[in-house]
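So you can see what is in the structure, the chains are spelled out below.
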Amino acid sequence: MAIREEGTGKDTLVGIFDRVISKEFPIDQNMTIYFRLANVIGHYEFRIDYVQVRTDKILFQARFERDFPEIFCEYSFRLRPPMVPIPEPGQYEFRLWANGHYVGRRRFIAEKMPKKGGLL
Amino acid sequence: MIPELGGIKFTPDRPACTFSIPFANSDLRDTKFTPGQEKFLSETKKSITFPIDIEPESFEIQQATPQRFTISTLLDDRLLLQMPLEVEIERENETYIAKCGVFEEFGYGDDPMTSVIDLQQTLAELYWTLKEEQNRLGPYLIKIWNRLQEVILER
């Protein structure tokens, strides 16, 4: 969750994770995507691809545009996609593209919760 | 300009209300600064937050990694790319190879974007190595070093 302090405008991120553990799959996960950009000026068209790494398939895509009038700024983005699908255990990543250029990615791992009772 | 990613995080959340406050430092937007103040601002940097809500939409599943695309960063905080670099992705058995033809450099990984990260790190290492050895380079590496300086800028 991204919490914004009104007085200072500072963001605080709560509950950062890189792993999702579930008893069963497929699941849909609520999440907020937060990222910061520097060294931008002018108009940009952004795309975020949500990708299942094993199949290299896009499961979800978001497109948006923004103007950046000042270069001496760092710009933060909070994106709230609808439910993010996790069809099976494995690796998933968000890839950020700006004006068609690849900027970066962040990955998380989905795991199945082990059954209780220990080894057979 | 080519944007660089300062940080990207994702946090579990409730699908609650829409954020509606677009600018964090809007009181500074119309202010004129002296050169000294500009320098101070460039060092401290203001911060602006954009809240974005994504509407659900139908989407046809497609291949995520194009065979050719351009990268805009080198994953080295000391270096900036002045222009995008073209990358070509190839696959050999279970290994993905990211190739930068301009510098004849390669990155390897178990998946496409991991190979791109390896390539980005390789190019940054190449820059620093050639910079250190620039007085002892042969003609071919001098050509590469000159090209690197056209593309990469130190902060």
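Use the structure listed above.
Calculation notes
Residues numbered from 1 in each chain as written. Chains lettered and ligands numbered in written order. Predicted model: local features only at pLDDT ≥ 70, side-chain atom pairs only at ≥ 80, totals over all residues. Heavy atoms only, no water. Phe/Tyr/Trp six-rings, centres within 6.5 Å; stacked < 30°, edge-to-face > 60°. Helix = DSSP H or I, 4+ residues; strand = E, 2+ residues; numbered from the N terminus. Buried < 20%, exposed > 50% of the residue type's maximum accessible area, 1.4 Å probe, protein only. Core = buried A, V, L, I, M, F, W, Y, C linked by side-chain atoms within 4.5 Å. Contact = heavy atoms within 4.5 Å. Polar contact = N/O pair within 3.5 Å; in protein donor to acceptor, adjacent residues only side chain to side chain.

> How should I be thinking about the packing of aromatic side chains in this particular structure?
To describe a pair of aromatic rings, you give the distance between the ring centres and the angle between the ring planes. All names here are of chain A. As enumerated under the stated definition, the model contains 20 aromatic pairs over all chains in all. Arranged with centres 5.9 Å apart and planes meeting at 85°, the rings of Phe46 and Phe68 form a pair that is edge-to-face. A residue pair is termed long-range when its members are at least 10 positions apart, and Phe46 in strand β6 (residues 42-52) and Phe68 in strand β7 (residues 57-68) qualify at 22 residues. Both rings, one in Phe94 and one in Phe108, keep their centres 6.4 Å apart while their planes meet at 35°; by these two values the pair is tilted. Here the residue Phe94 occupies a position in strand β10 (residues 90-98), and Phe108 occupies one in strand β11 (residues 101-112), the gap between them amounting to 14 residues. Note on Phe94: relative accessible area 1%, which makes it buried.

> I keep staring at the nonpolar core and nothing clicks. Help me out?
Generally speaking, a soluble globular protein has its nonpolar side chains buried in company with each other. Core analysis: the biggest nonpolar cluster contains 30 residues, and A:Phe35, A:Phe46, A:Phe77, A:Ile86 and A:Phe108 have the highest contact counts within it. At the level of elements, β5 (31-38), β6, β7, β8 (73-80), β9 (84-86), β10 and β11 of chain A are the ones that each hand at least two residues to this core. Ignoring sequence-local partners within four residues, the contact set of A:Ile86 consists of A:Val20, A:Phe25, A:Pro26, A:Ile27, A:Gln29, A:Tyr50, A:Tyr92, A:Phe108 and A:Ala110. A:Trp97, B:Leu137, B:Trp145 and B:Leu148 belong to the second largest nonpolar core, which has 28 residues in total.

> Looking at this structure, how should I read the side chain of B:Asp111?
Of note, B:Asp111 is situated in the loop between β8 (105-109) and α2 (112-132). At 2.9 Å, the side chain of B:Asp111 and the side chain of A:Arg107 are in polar contact. Only 2.7 Å separates the side chain of B:Asp111 from the side chain of B:Thr114, close enough to count as a polar contact. Beyond its immediate sequence surroundings of up to four residues, B:Asp111 is in contact with A:Val53, A:Arg105, A:Arg107 and B:Tyr96.

Worth remembering: the numbers are spatial, not functional.
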